[in-house]
Amino acid sequence: MASTITPARWVEIKKDFPTLARTFNGKPLVYLDSAATAQKPQAVTDAVVAYYTKHTANVHRAVYELSAEATERFEGAREKLRKFINAKSTKEVIWTKGATEAINLVRYSVGLNLKPGDKVLSTLMEHHSNFVPWQQLARRGVEVDYVKVTPDGLLDLADYEAKLTPNTKLVAVTQQSNVLGTINDIRAISDKAHAVGAQVMVDGAQSTPHMQVDVQAMDCDWFAVSGHKMLGPTGIGILYGKERILEQMEPFHYGGDMIKEVKILNTRWNDLPNKFEAGTQPIAEAIGLGAAVDYLNGIGMGNVRKHEQDLTAYAMDKLGKDASLTIYGPRDLSIRGGVVSFTMKKVHRWSTTCTRRTSWTTTRTRATSARWRSPTSRRGRTTRCAATASSSSCSSTGSSG
Ligand code: PLP
(Lines give C-alpha, C1' and ligand atoms only; values in the text may rest on other atoms or scores of the structure.)
Protein backbone atom coordinates (compact mmCIF):
# COMPACT_ATOMS: atom_id res chain seq x y z
CA MET A 1 0.00 0.00 0.00
CA ALA A 2 1.34 3.44 -0.88
CA SER A 3 1.73 6.03 1.86
CA THR A 4 -0.69 8.94 1.78
CA ILE A 5 1.88 11.10 3.58
CA THR A 6 4.37 13.11 1.55
CA PRO A 7 8.05 13.35 2.53
CA ALA A 8 7.47 17.04 3.35
CA ARG A 9 4.68 16.05 5.71
CA TRP A 10 6.98 13.58 7.54
CA VAL A 11 9.35 16.47 8.16
CA GLU A 12 6.45 18.44 9.64
CA ILE A 13 5.43 15.45 11.77
CA LYS A 14 8.88 15.37 13.31
CA LYS A 15 8.25 18.86 14.66
CA ASP A 16 5.42 17.48 16.82
CA PHE A 17 8.10 15.87 19.02
CA PRO A 18 9.79 18.63 21.07
CA THR A 19 12.69 16.44 22.21
CA LEU A 20 13.71 15.87 18.59
CA ALA A 21 14.46 19.60 18.31
CA ARG A 22 17.32 19.23 20.81
CA THR A 23 20.96 19.22 19.83
CA PHE A 24 23.84 17.27 21.36
CA ASN A 25 27.45 18.29 20.82
CA GLY A 26 26.15 20.88 18.39
CA LYS A 27 24.42 18.26 16.25
CA PRO A 28 20.69 17.63 15.85
CA LEU A 29 19.43 14.70 17.84
CA VAL A 30 18.71 11.55 15.87
CA TYR A 31 16.86 9.36 18.32
CA LEU A 32 17.48 5.71 17.64
CA ASP A 33 16.02 4.07 20.73
CA SER A 34 12.29 4.04 20.00
CA ALA A 35 12.02 0.31 20.58
CA ALA A 36 13.00 0.96 24.21
CA THR A 37 10.68 3.94 24.55
CA ALA A 38 9.19 6.36 22.04
CA GLN A 39 9.46 10.14 22.10
CA LYS A 40 6.18 11.90 22.93
CA PRO A 41 4.29 14.23 20.63
CA GLN A 42 3.23 17.51 22.22
CA ALA A 43 -0.43 16.42 22.02
CA VAL A 44 0.23 13.62 24.50
CA THR A 45 1.99 15.90 26.97
CA ASP A 46 -0.83 18.44 26.58
CA ALA A 47 -3.46 15.81 27.42
CA VAL A 48 -1.58 14.81 30.58
CA VAL A 49 -1.08 18.43 31.63
CA ALA A 50 -4.76 19.23 30.97
CA TYR A 51 -5.80 16.50 33.39
CA TYR A 52 -3.52 17.87 36.10
CA THR A 53 -4.30 21.53 35.49
CA LYS A 54 -8.04 21.38 34.72
CA HIS A 55 -9.69 18.04 35.36
CA THR A 56 -8.04 16.52 38.43
CA ALA A 57 -10.41 14.33 40.38
CA ASN A 58 -10.66 10.62 41.03
CA VAL A 59 -12.71 8.54 38.60
CA HIS A 60 -15.83 6.40 39.16
CA ARG A 61 -16.21 7.63 42.73
CA ALA A 62 -18.32 10.74 42.70
CA VAL A 63 -21.09 12.56 40.85
CA TYR A 64 -19.73 16.10 41.01
CA GLU A 65 -18.81 17.69 37.69
CA LEU A 66 -15.03 17.54 38.02
CA SER A 67 -15.06 13.83 38.77
CA ALA A 68 -17.53 13.25 35.95
CA GLU A 69 -15.14 15.06 33.58
CA ALA A 70 -12.18 12.97 34.71
CA THR A 71 -14.20 9.75 34.39
CA GLU A 72 -15.39 10.72 30.93
CA ARG A 73 -11.81 11.32 29.76
CA PHE A 74 -10.50 8.17 31.44
CA GLU A 75 -13.23 5.92 30.02
CA GLY A 76 -13.04 7.74 26.69
CA ALA A 77 -9.38 6.73 26.49
CA ARG A 78 -10.34 3.10 27.16
CA GLU A 79 -12.78 3.23 24.26
CA LYS A 80 -10.04 4.64 22.01
CA LEU A 81 -7.78 1.73 22.93
CA ARG A 82 -10.61 -0.75 22.36
CA LYS A 83 -11.13 0.55 18.87
CA PHE A 84 -7.41 0.71 18.16
CA ILE A 85 -6.91 -3.01 18.76
CA ASN A 86 -10.45 -3.93 17.63
CA ALA A 87 -11.61 -5.54 20.87
CA LYS A 88 -15.33 -6.32 21.01
CA SER A 89 -16.01 -4.46 24.23
CA THR A 90 -14.35 -2.10 26.72
CA LYS A 91 -14.92 -4.87 29.28
CA GLU A 92 -12.00 -6.56 27.55
CA VAL A 93 -9.60 -3.61 27.96
CA ILE A 94 -7.85 -3.51 31.34
CA TRP A 95 -5.46 -0.75 32.33
CA THR A 96 -2.08 -1.97 33.51
CA LYS A 97 1.28 -0.37 34.23
CA GLY A 98 2.59 -1.66 30.90
CA ALA A 99 3.07 -4.82 28.90
CA THR A 100 5.11 -6.49 31.64
CA GLU A 101 2.37 -6.08 34.20
CA ALA A 102 -0.26 -7.25 31.70
CA ILE A 103 1.67 -10.49 31.13
CA ASN A 104 2.27 -10.96 34.84
CA LEU A 105 -1.45 -10.53 35.49
CA VAL A 106 -2.16 -13.49 33.20
CA ARG A 107 0.79 -15.44 34.59
CA TYR A 108 -0.55 -14.97 38.14
CA SER A 109 -4.20 -15.59 37.49
CA VAL A 110 -3.87 -18.48 35.05
CA GLY A 111 -0.88 -19.85 36.94
CA LEU A 112 -3.12 -20.38 40.00
CA ASN A 113 -4.92 -23.16 38.13
CA LEU A 114 -1.92 -24.84 36.54
CA LYS A 115 -0.74 -28.08 38.08
CA PRO A 116 2.27 -30.39 37.65
CA GLY A 117 2.01 -32.06 34.26
CA ASP A 118 0.41 -29.04 32.62
CA LYS A 119 2.54 -27.42 29.97
CA VAL A 120 3.26 -23.82 28.97
CA LEU A 121 4.94 -23.10 25.67
CA SER A 122 6.88 -19.89 25.10
CA THR A 123 9.50 -19.13 22.44
CA LEU A 124 13.19 -18.28 22.19
CA MET A 125 12.43 -14.91 20.57
CA GLU A 126 10.62 -13.42 23.55
CA HIS A 127 11.43 -10.33 25.56
CA HIS A 128 12.28 -11.17 29.19
CA SER A 129 8.80 -9.98 30.14
CA ASN A 130 7.15 -12.79 28.17
CA PHE A 131 9.76 -15.37 29.09
CA VAL A 132 10.74 -15.16 32.75
CA PRO A 133 7.15 -15.17 34.13
CA TRP A 134 6.55 -18.52 32.40
CA GLN A 135 10.01 -19.89 33.16
CA GLN A 136 9.29 -19.38 36.86
CA LEU A 137 6.23 -21.66 36.67
CA ALA A 138 8.64 -24.58 36.23
CA ARG A 139 9.47 -24.22 39.93
CA ARG A 140 5.90 -25.31 40.63
CA GLY A 141 6.17 -28.45 38.52
CA VAL A 142 4.59 -26.98 35.38
CA GLU A 143 6.43 -28.10 32.25
CA VAL A 144 7.73 -25.04 30.44
CA ASP A 145 9.15 -25.42 26.94
CA TYR A 146 10.33 -23.00 24.27
CA VAL A 147 9.83 -22.97 20.51
CA LYS A 148 13.10 -22.64 18.62
CA VAL A 149 14.02 -19.91 16.17
CA THR A 150 15.27 -20.77 12.67
CA PRO A 151 18.66 -19.42 11.49
CA ASP A 152 16.85 -16.75 9.45
CA GLY A 153 15.07 -15.48 12.54
CA LEU A 154 11.63 -17.04 12.11
CA LEU A 155 9.69 -19.03 14.62
CA ASP A 156 10.29 -22.72 13.89
CA LEU A 157 6.71 -23.79 13.24
CA ALA A 158 7.60 -27.48 12.89
CA ASP A 159 9.14 -27.29 16.37
CA TYR A 160 6.02 -25.47 17.60
CA GLU A 161 3.71 -28.18 16.33
CA ALA A 162 5.94 -30.91 17.76
CA LYS A 163 5.94 -29.28 21.21
CA LEU A 164 2.23 -28.51 21.27
CA THR A 165 0.53 -31.37 23.12
CA PRO A 166 -2.88 -31.96 24.71
CA ASN A 167 -1.20 -31.00 28.03
CA THR A 168 -0.36 -27.54 26.71
CA LYS A 169 -2.56 -25.05 28.54
CA LEU A 170 -1.01 -21.82 27.35
CA VAL A 171 1.14 -20.53 24.49
CA ALA A 172 3.00 -17.23 25.11
CA VAL A 173 4.35 -15.55 22.00
CA THR A 174 5.33 -12.13 20.72
CA GLN A 175 3.62 -10.60 17.72
CA GLN A 176 6.75 -8.67 16.79
CA SER A 177 10.14 -9.57 18.20
CA ASN A 178 12.08 -6.77 19.87
CA VAL A 179 15.31 -8.58 18.99
CA LEU A 180 14.83 -9.82 15.43
CA GLY A 181 12.00 -7.65 14.19
CA THR A 182 10.19 -10.83 13.13
CA ILE A 183 6.42 -10.51 12.81
CA ASN A 184 4.73 -13.78 13.73
CA ASP A 185 1.54 -15.11 12.16
CA ILE A 186 -0.51 -15.06 15.35
CA ARG A 187 -3.69 -16.36 13.74
CA ALA A 188 -1.91 -19.53 12.61
CA ILE A 189 -0.35 -19.93 16.07
CA SER A 190 -3.71 -19.37 17.79
CA ASP A 191 -5.54 -21.84 15.58
CA LYS A 192 -3.05 -24.59 16.34
CA ALA A 193 -3.06 -23.81 20.08
CA HIS A 194 -6.85 -23.77 20.26
CA ALA A 195 -6.99 -27.11 18.46
CA VAL A 196 -5.30 -28.73 21.48
CA GLY A 197 -7.30 -26.67 23.99
CA ALA A 198 -4.50 -24.21 24.85
CA GLN A 199 -4.99 -20.47 25.30
CA VAL A 200 -2.78 -17.84 23.69
CA MET A 201 -1.04 -14.88 25.34
CA VAL A 202 0.39 -12.44 22.81
CA ASP A 203 3.00 -9.81 23.65
CA GLY A 204 2.00 -6.83 21.52
CA ALA A 205 4.50 -4.35 23.01
CA GLN A 206 6.44 -3.97 19.75
CA SER A 207 3.65 -4.57 17.25
CA THR A 208 0.93 -2.19 18.46
CA PRO A 209 2.99 1.00 17.89
CA HIS A 210 4.02 -0.03 14.38
CA MET A 211 1.21 -1.84 12.60
CA GLN A 212 -2.55 -2.27 12.53
CA VAL A 213 -3.48 -4.68 15.31
CA ASP A 214 -6.71 -6.68 15.33
CA VAL A 215 -7.18 -8.95 18.34
CA GLN A 216 -10.34 -10.51 16.91
CA ALA A 217 -8.66 -11.41 13.63
CA MET A 218 -5.73 -12.92 15.55
CA ASP A 219 -8.16 -14.79 17.81
CA CYS A 220 -5.69 -14.53 20.70
CA ASP A 221 -7.00 -14.91 24.24
CA TRP A 222 -4.87 -12.14 25.76
CA PHE A 223 -2.86 -9.32 24.25
CA ALA A 224 -0.42 -7.04 26.11
CA VAL A 225 0.15 -3.43 25.05
CA SER A 226 2.87 -1.04 26.23
CA GLY A 227 1.80 2.63 26.30
CA HIS A 228 5.22 4.26 26.40
CA LYS A 229 6.34 2.47 23.23
CA MET A 230 3.38 3.84 21.27
CA LEU A 231 4.02 7.54 21.97
CA GLY A 232 2.11 7.43 25.26
CA PRO A 233 3.26 8.15 28.81
CA THR A 234 5.24 5.69 30.91
CA GLY A 235 3.43 3.65 33.56
CA ILE A 236 0.45 2.75 31.38
CA GLY A 237 -0.51 -0.13 29.12
CA ILE A 238 -3.38 -2.49 28.62
CA LEU A 239 -4.22 -6.11 28.87
CA TYR A 240 -6.82 -7.23 26.34
CA GLY A 241 -8.57 -10.47 27.27
CA LYS A 242 -11.59 -12.27 25.88
CA GLU A 243 -14.53 -11.39 28.10
CA ARG A 244 -15.52 -15.03 28.66
CA ILE A 245 -12.01 -15.85 29.89
CA LEU A 246 -11.57 -12.73 32.02
CA GLU A 247 -14.85 -13.53 33.78
CA GLN A 248 -13.40 -16.83 34.95
CA MET A 249 -10.03 -15.46 36.06
CA GLU A 250 -9.08 -14.57 39.61
CA PRO A 251 -8.21 -10.92 40.25
CA PHE A 252 -4.54 -9.98 40.34
CA HIS A 253 -4.61 -7.25 43.02
CA TYR A 254 -7.15 -6.53 45.72
CA GLY A 255 -8.69 -3.29 46.96
CA GLY A 256 -10.37 -0.13 45.72
CA ASP A 257 -12.38 -0.11 42.54
CA MET A 258 -12.15 -3.85 41.90
CA ILE A 259 -14.67 -4.47 44.68
CA LYS A 260 -18.44 -4.49 44.32
CA GLU A 261 -19.45 -5.46 47.86
CA VAL A 262 -17.50 -6.27 51.01
CA LYS A 263 -18.72 -8.25 53.99
CA ILE A 264 -16.62 -9.31 56.97
CA LEU A 265 -16.02 -12.79 55.55
CA ASN A 266 -16.49 -12.29 51.85
CA THR A 267 -16.13 -9.90 48.96
CA ARG A 268 -17.78 -9.70 45.55
CA TRP A 269 -15.60 -8.53 42.69
CA ASN A 270 -16.62 -5.63 40.51
CA ASP A 271 -17.70 -6.15 36.90
CA LEU A 272 -15.18 -6.19 34.07
CA PRO A 273 -12.90 -4.43 33.43
CA ASN A 274 -12.74 -2.96 36.97
CA LYS A 275 -12.36 -6.41 38.53
CA PHE A 276 -8.70 -6.21 37.48
CA GLU A 277 -8.15 -2.54 38.31
CA ALA A 278 -7.37 -2.30 42.02
CA GLY A 279 -6.69 1.10 43.60
CA THR A 280 -6.63 4.50 41.96
CA GLN A 281 -5.64 4.06 38.36
CA PRO A 282 -2.98 6.05 36.44
CA ILE A 283 -5.66 8.45 35.22
CA ALA A 284 -3.44 11.07 33.57
CA GLU A 285 -1.40 8.36 31.86
CA ALA A 286 -4.50 6.62 30.51
CA ILE A 287 -5.77 9.93 29.12
CA GLY A 288 -2.33 10.57 27.63
CA LEU A 289 -2.37 7.15 25.98
CA GLY A 290 -5.78 7.99 24.51
CA ALA A 291 -4.17 11.11 23.00
CA ALA A 292 -1.35 8.94 21.59
CA VAL A 293 -3.95 6.74 19.89
CA ASP A 294 -5.58 9.86 18.40
CA TYR A 295 -2.18 10.99 17.16
CA LEU A 296 -1.33 7.63 15.56
CA ASN A 297 -4.79 7.44 13.99
CA GLY A 298 -4.20 10.93 12.56
CA ILE A 299 -1.17 9.58 10.69
CA GLY A 300 -2.79 6.23 9.95
CA MET A 301 -1.25 2.91 10.95
CA GLY A 302 -0.93 1.94 7.28
CA ASN A 303 1.27 5.01 6.74
CA VAL A 304 3.28 4.27 9.89
CA ARG A 305 3.95 0.73 8.68
CA LYS A 306 4.87 1.82 5.15
CA HIS A 307 7.21 4.55 6.39
CA GLU A 308 8.94 2.12 8.73
CA GLN A 309 9.35 -0.43 5.97
CA ASP A 310 11.06 2.25 3.87
CA LEU A 311 13.37 3.21 6.75
CA THR A 312 14.13 -0.44 7.52
CA ALA A 313 14.98 -1.17 3.88
CA TYR A 314 17.28 1.86 3.87
CA ALA A 315 18.98 0.84 7.15
CA MET A 316 19.45 -2.75 6.03
CA ASP A 317 20.84 -1.66 2.70
CA LYS A 318 23.39 0.68 4.33
CA LEU A 319 24.34 -1.77 7.08
CA GLY A 320 24.52 -4.61 4.57
CA LYS A 321 27.37 -2.80 2.78
CA ASP A 322 29.61 -3.13 5.85
CA ALA A 323 31.36 -6.50 5.67
CA SER A 324 32.12 -6.44 9.40
CA LEU A 325 28.42 -6.58 10.24
CA THR A 326 26.09 -9.57 10.45
CA ILE A 327 22.42 -8.61 10.33
CA TYR A 328 19.84 -10.87 11.96
CA GLY A 329 16.19 -11.51 11.34
CA PRO A 330 14.13 -11.99 8.19
CA ARG A 331 15.03 -10.09 5.03
CA ASP A 332 11.44 -10.06 3.83
CA LEU A 333 10.04 -6.71 4.95
CA SER A 334 6.47 -8.00 4.90
CA ILE A 335 7.28 -10.14 7.96
CA ARG A 336 9.60 -7.86 9.86
CA GLY A 337 9.28 -4.62 11.75
CA GLY A 338 11.74 -1.77 12.16
CA VAL A 339 14.16 -3.41 14.59
CA VAL A 340 17.47 -4.28 12.96
CA SER A 341 19.86 -6.33 15.10
CA PHE A 342 23.43 -6.88 14.07
CA THR A 343 26.75 -7.98 15.43
CA MET A 344 29.98 -6.29 14.52
CA LYS A 345 33.27 -8.14 14.30
CA LYS A 346 35.88 -7.26 16.90
CA VAL A 347 33.60 -4.95 18.84
CA HIS A 348 32.64 -6.09 22.28
CA ARG A 349 29.12 -5.44 23.48
CA TRP A 350 30.30 -3.21 26.32
CA SER A 351 32.62 -1.28 24.06
CA THR A 352 30.70 1.95 23.88
CA THR A 353 33.42 3.84 22.15
CA CYS A 354 32.43 2.61 18.73
CA THR A 355 31.22 5.69 16.92
CA ARG A 356 29.99 4.53 13.54
CA ARG A 357 28.65 7.46 11.62
CA THR A 358 26.59 6.69 8.65
CA SER A 359 24.18 8.90 6.78
CA TRP A 360 21.28 7.58 8.79
CA THR A 361 22.64 7.67 12.30
CA THR A 362 25.00 9.85 14.21
CA THR A 363 24.40 8.20 17.54
CA ARG A 364 26.96 6.16 19.34
CA THR A 365 26.22 2.49 19.01
CA ARG A 366 27.20 -0.46 21.11
CA ALA A 367 27.89 -3.70 19.37
CA THR A 368 29.16 -7.14 20.10
CA SER A 369 31.21 -9.79 18.48
CA ALA A 370 29.33 -12.43 20.43
CA ARG A 371 27.22 -14.60 18.18
CA TRP A 372 23.46 -14.39 18.60
CA ARG A 373 22.21 -16.90 21.13
CA SER A 374 18.86 -17.01 22.77
CA PRO A 375 17.46 -13.49 23.04
CA THR A 376 17.17 -14.16 26.74
CA SER A 377 20.90 -14.60 27.08
CA ARG A 378 22.43 -11.40 28.42
CA ARG A 379 25.77 -12.63 27.08
CA GLY A 380 24.52 -12.71 23.53
CA ARG A 381 23.71 -9.05 23.21
CA THR A 382 23.31 -7.51 19.84
CA THR A 383 23.06 -3.97 18.66
CA ARG A 384 19.59 -3.18 17.51
CA CYS A 385 18.44 -0.37 15.33
CA ALA A 386 14.80 0.31 14.78
CA ALA A 387 13.02 2.58 12.40
CA THR A 388 9.90 4.31 13.60
CA ALA A 389 7.41 6.73 12.22
CA SER A 390 8.89 9.80 13.75
CA SER A 391 12.52 8.83 13.87
CA SER A 392 14.71 5.80 13.99
CA SER A 393 15.88 3.75 16.92
CA CYS A 394 19.10 2.05 17.83
CA SER A 395 20.13 0.42 21.06
CA SER A 396 22.14 -2.38 22.52
CA THR A 397 19.81 -5.08 23.71
CA GLY A 398 19.56 -8.62 24.90
CA SER A 399 15.87 -8.82 24.98
CA SER A 400 15.21 -6.40 27.73
CA GLY A 401 14.89 -3.30 25.60
N1 PLP B 1 7.67 -7.01 25.39
C2 PLP B 1 8.49 -6.52 24.45
C3 PLP B 1 8.60 -7.23 23.13
C4 PLP B 1 9.25 -5.36 24.69
O5 PLP B 1 10.06 -4.88 23.76
C6 PLP B 1 9.11 -4.73 25.96
C7 PLP B 1 9.91 -3.52 26.31
O8 PLP B 1 11.03 -3.37 25.96
C9 PLP B 1 8.22 -5.26 26.90
C10 PLP B 1 7.52 -6.40 26.59
C11 PLP B 1 7.99 -4.61 28.23
O12 PLP B 1 7.10 -3.54 28.07
P13 PLP B 1 6.76 -2.54 29.26
O14 PLP B 1 7.94 -1.61 29.38
O15 PLP B 1 5.51 -1.84 28.84
O16 PLP B 1 6.55 -3.35 30.49
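Above this note sits the structure.
Heads up: these notes are all about the structure in this document. Position labels on residues start from 1 in each chain and follow its written sequence. Given that the model is predicted, a residue must reach a pLDDT of at least 70 before its local features are reported, and side-chain atom pairs must reach 80 or more before they are shown or counted; all residues, however, enter totals for whole chains, interfaces and linings.

**With respect to unusual backbone geometry**
Here the amide bond leading from Leu272 into Pro273 is cis, since omega sits at 0 degrees, within 30 degrees of zero. The helix count covers DSSP runs of H or I at least four residues long, the strand count covers runs of E at least two residues long, and both are numbered beginning at the N terminus. On the secondary structure map, Pro273 appears in the loop between strand 11 (267–269) and helix 10 (283–299). Even without a glycine there, the phi angle at Asn25 is positive, about 50 degrees. Here Asn25 lies in the loop between strand 1 (23–24) and strand 2 (27–28).

**What to know about the site of the ligand**
Lining the immediate environment of the ligand, one finds 15 residues, of which Gly98, Thr100, His127, Asn178 and Ser226 sit closest. Any residue outside Ala, Val, Leu, Ile, Met, Phe, Trp, Tyr, Cys, Pro, Asp, Glu, Lys and Arg is labelled polar, Gly included; the first ten of those are nonpolar and the last four are charged. When its residues are assigned to classes, the shell around the ligand shows three nonpolar, 11 polar and one charged. By definition, a residue lies near a molecule or strand provided its backbone-derived C-beta atom is within 6 Å of it.

**Points about the pairing of strand 8 (residues 222–226)**
Here strand 8 lies mainly inside the structure; five of its five residues are buried. At least two DSSP bridges between two strands are required for those strands to pair. Judged from the five bridges that link them, strand 8 and strand 9 (residues 237–241) form a sheet pairing that is antiparallel. Within strand 9, the residue paired with Val225 across the bridge is Ile238. To sort residues by exposure, count the other C-beta atoms lying within 10 Å of each residue's C-beta; 20 or more gives buried, 12 or fewer gives exposed, and values between give partly exposed, all with C-beta atoms placed from the backbone.

**Considerations on the sheet that holds strand 3 (residues 93–96)**
In spatial order, the strands read 3-9-8-7-6-4-5; together these seven strands make up an open sheet with mixed pairing. Two strands lie at the open edges of the sheet, namely strand 3 and strand 5 (143–147), each paired on one side alone. Averaged over all pairs of adjacent strands, the angle between their axes in this sheet comes to 20 degrees, without regard to strand direction. For strand 6 (residues 168–174) and strand 7 (residues 199–203), the ladder comprises five bridges, and the chain directions are parallel. Within strand 7, the position partnered with Leu170 by the bridge is Gln199. The convention used is that axes are lines fitted to C-alpha atoms, helices contributing only their stretch in contact, and that angles between N-to-C directions extend from 0 to 180 degrees.

**As for helix 10**
In this scheme, a helix's expected span is set at 1.5 Å multiplied by one less than its residue total. Between its terminal C-alpha atoms helix 10 stretches 25 Å, which fits the 24 Å expected from 17 residues at 1.5 Å a residue. In terms of burial, helix 10 is largely enclosed, as 14 of its 17 residues are buried.

**Here's the deal with the packing of helix 2 (residues 42–54) against helix 10**
Direction vectors running N to C along helix 2 and helix 10 enclose 150 degrees, while the axes themselves pass 8 Å from each other. By the angle between their directions, the pair helix 2 and helix 10 is classed as roughly antiparallel. Between helix 2 and helix 10 lies a crossing of right-handed hand. Note on element contacts: helix 10 touches helix 2 through Ile283, Ala284, Ile287, Gly288, Ala291, Ala292 and Tyr295, opposite Ala43, Val44, Ala47, Val48, Tyr51 and Tyr52. Just so you know how the angles are binned, under 35 degrees is roughly parallel, over 145 roughly antiparallel, 65 to 115 roughly perpendicular, and the rest oblique. By definition, any crossing whose near helix is turned counterclockwise from its far helix by less than a right angle is left-handed, and any crossing with a clockwise turn is right-handed. Residue pairs are scored as contacts if the distance between their C-beta atoms, which are placed from the backbone, is within 7 Å.

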